[in-house]
Amino acid sequence: MNKIWIGTNWKMTKTIAEGVAFTKELRSISEAIPSSIQLFIIPSHTALVPIKELTTETDMYLGAQNMHWEDSGAYTGEISPRMLAEIGIDLIELGHSERRQYFNETDVAINKKVHAALNYSIKPLICIGENLDQKEQLISKETLAAQLKVCLQGLSKEMAKEILIAYEPVWAIGDQGVPADAAYVADIHHFLRSTLVELFEEVGLTIPLLYGGSVNQENFLEYSKLENVNGLFIGRAAWDIESFQKILYTLEAKLGV
Ligand code: PGA
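K.L.:
Help me out: how do you make sense of the site of the ligand in this one?
P.N.:
K11, H96, E168, I173, G174, G213, S214, V215, G235 and R236 make up every residue found near the ligand. Separating an oxygen atom of the ligand from a side-chain N or O atom of H96 is a distance of 2.7 Å. Note that an oxygen atom of the ligand is positioned 2.6 Å from one of the side-chain N or O atoms of R236. Within the complex, the protein chains bury 99% of what would otherwise be the 280 Å² of accessible surface of the ligand.

Written out as structure tokens, the structure reads:
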């Protein structure tokens, strides 16, 4: 597994104009970095169509932040996999902790969305993470194993080849988040890798495991060097193009990727 996945979810921040301007700059940066860095961006739904036009001729992957599992129906305010497939997105982010926390998204619902995405050849990027209570109660691994097992229920090995997992401890995300120690991340990623192998045997070794949660200029290199970290899922530190560029260029220089 040589590719390193580096990407950002813009959450509810950039407008269409801001997203388009950012993507144009990122497109020129992407031409200067090696193909072993698999870049991806996850804009708001409103910006997907114009941004798709900008990423079509590039290696950059385009993702959406959420979707329903049904193809169509009476679900006001939702967007379906059929609609996203029409735009031509590559990835769908599922189960971000903000969706779980503010919109009551459950592992069972995420599992339905994973199947729906695969049905349309959209790669699910499934986010899991323990909250502070669970960490303090020393049930991080139990929590993560349960999230993984329910989110991935019913997937064959063939289907598992198409998924990505992002480990994002809830206590490390956002303005109030505390960056995790690299040793903690290493231990959890090792555990997640063995759980994936338990579920999918040899295919479990190939599923990209990304890390996210207050990844920034100070810590990204340390995380990226860990054995079972195959990518970084970056929020705030990648929303400013100069900051993101610095991370990408430093990665290239330091890792020789
Ligand atoms: P952050 O966001 O890097 O701003 O903590 C990470 C995420 O929510 O994916």
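K.L.:
Any chance you could explain the environment of H189 here in plain terms?
P.N.:
Considering the arrangement of structural elements, one finds H189 in helix α9 (residues 182-200). The sequence separation of H189 and N228 amounts to 39 residues, and the corresponding C-alpha distance is 5.6 Å. In contact with H189, not counting residues within four places along its chain, are Y167, L209, L210, Y211, N228 and V229. Side-chain polar atoms of H189 contact the backbone oxygen of N228, separated by 3.0 Å.

K.L.:
Before we go on, may I ask you to explain unusual backbone geometry in this structure?
P.N.:
Glycine aside, negative phi is the norm for most residues, and most peptide bonds take the trans geometry. Residues other than glycine seldom take positive phi values, yet N104 does so here, at roughly 55°. Tracing the backbone through its elements, the reader meets N104 in the loop between α4 (97-103) and α5 (107-119). With a relative accessible area of 63%, N104 lands in the exposed category. With phi around 55°, S214 is a residue other than glycine that occupies positive phi space.

K.L.:
Is there a simple way to explain the sheet that holds strand β7 (residues 209-212) in this structure?
P.N.:
For sheets, the rule is that strands pair by backbone hydrogen bonds, running either parallel or antiparallel. If you walk around this closed barrel you meet the eight strands as β1-β2-β3-β4-β5-β6-β7-β8, and the pairing is parallel. For this sheet, the mean inter-axis angle between neighbouring strands, taken without regard to orientation, is 25°. Judged from the two bridges that link them, strand β2 (residues 37-42) and strand β3 (residues 61-64) form a sheet pairing that is parallel. Each residue of the ladder has a partner; that of I41, found in β3, is L62. Along the sheet face, helix α2 (residues 48-55) touches β2 and β3 and points at about 165° away from the line of β3.

K.L.:
Is there a simple way to think about the pattern of salt bridges in this case?
P.N.:
Close approach of charged atoms allows side chains with opposite charge to pair. For the structure on display, the rule yields eleven salt bridges. The residue K113 makes a salt bridge to E105 at a minimum N-O spacing of 3.0 Å. For the residue pair K113 and E105, the accessibility class agrees, reading buried in each case. Residue K141 is joined to D187 by a salt bridge in which the shortest nitrogen-to-oxygen separation is 3.0 Å. Of this pair, K141 sits in helix α7 (residues 140-151) while D187 sits in helix α9, and the two are 46 residues apart along the sequence. Of the residues examined, K141 reaches a relative accessible area of 29% and is grouped as partly exposed. Three or more residues are tied together by salt bridges with common partners; here these are R99, E105 and K113.

Parameters at a glance
- Residues numbered from 1 in each chain as written.
- Predicted model: local features only at pLDDT ≥ 70, side-chain atom pairs only at ≥ 80, totals over all residues.
- Heavy atoms only, no water.
- Near = heavy atom within 4 Å.
- Polar contact = N/O pair within 3.5 Å; in protein donor to acceptor, adjacent residues only side chain to side chain.
- Areas by Shrake-Rupley, 256 points an atom, 1.4 Å probe, with all protein chains shown as cover.
- Helix = DSSP H or I, 4+ residues; strand = E, 2+ residues; numbered from the N terminus.
- Contact = heavy atoms within 4.5 Å.
- Buried < 20%, exposed > 50% of the residue type's maximum accessible area, 1.4 Å probe, protein only.
- Pairing = 2+ DSSP bridges.
- Axes fitted to C-alpha atoms, helices over the stretch in contact; angles between N-to-C directions.
- Salt bridge = Lys/Arg side-chain N within 4 Å of Asp/Glu carboxyl O.

No statement about biological role is implied by the geometric values presented.
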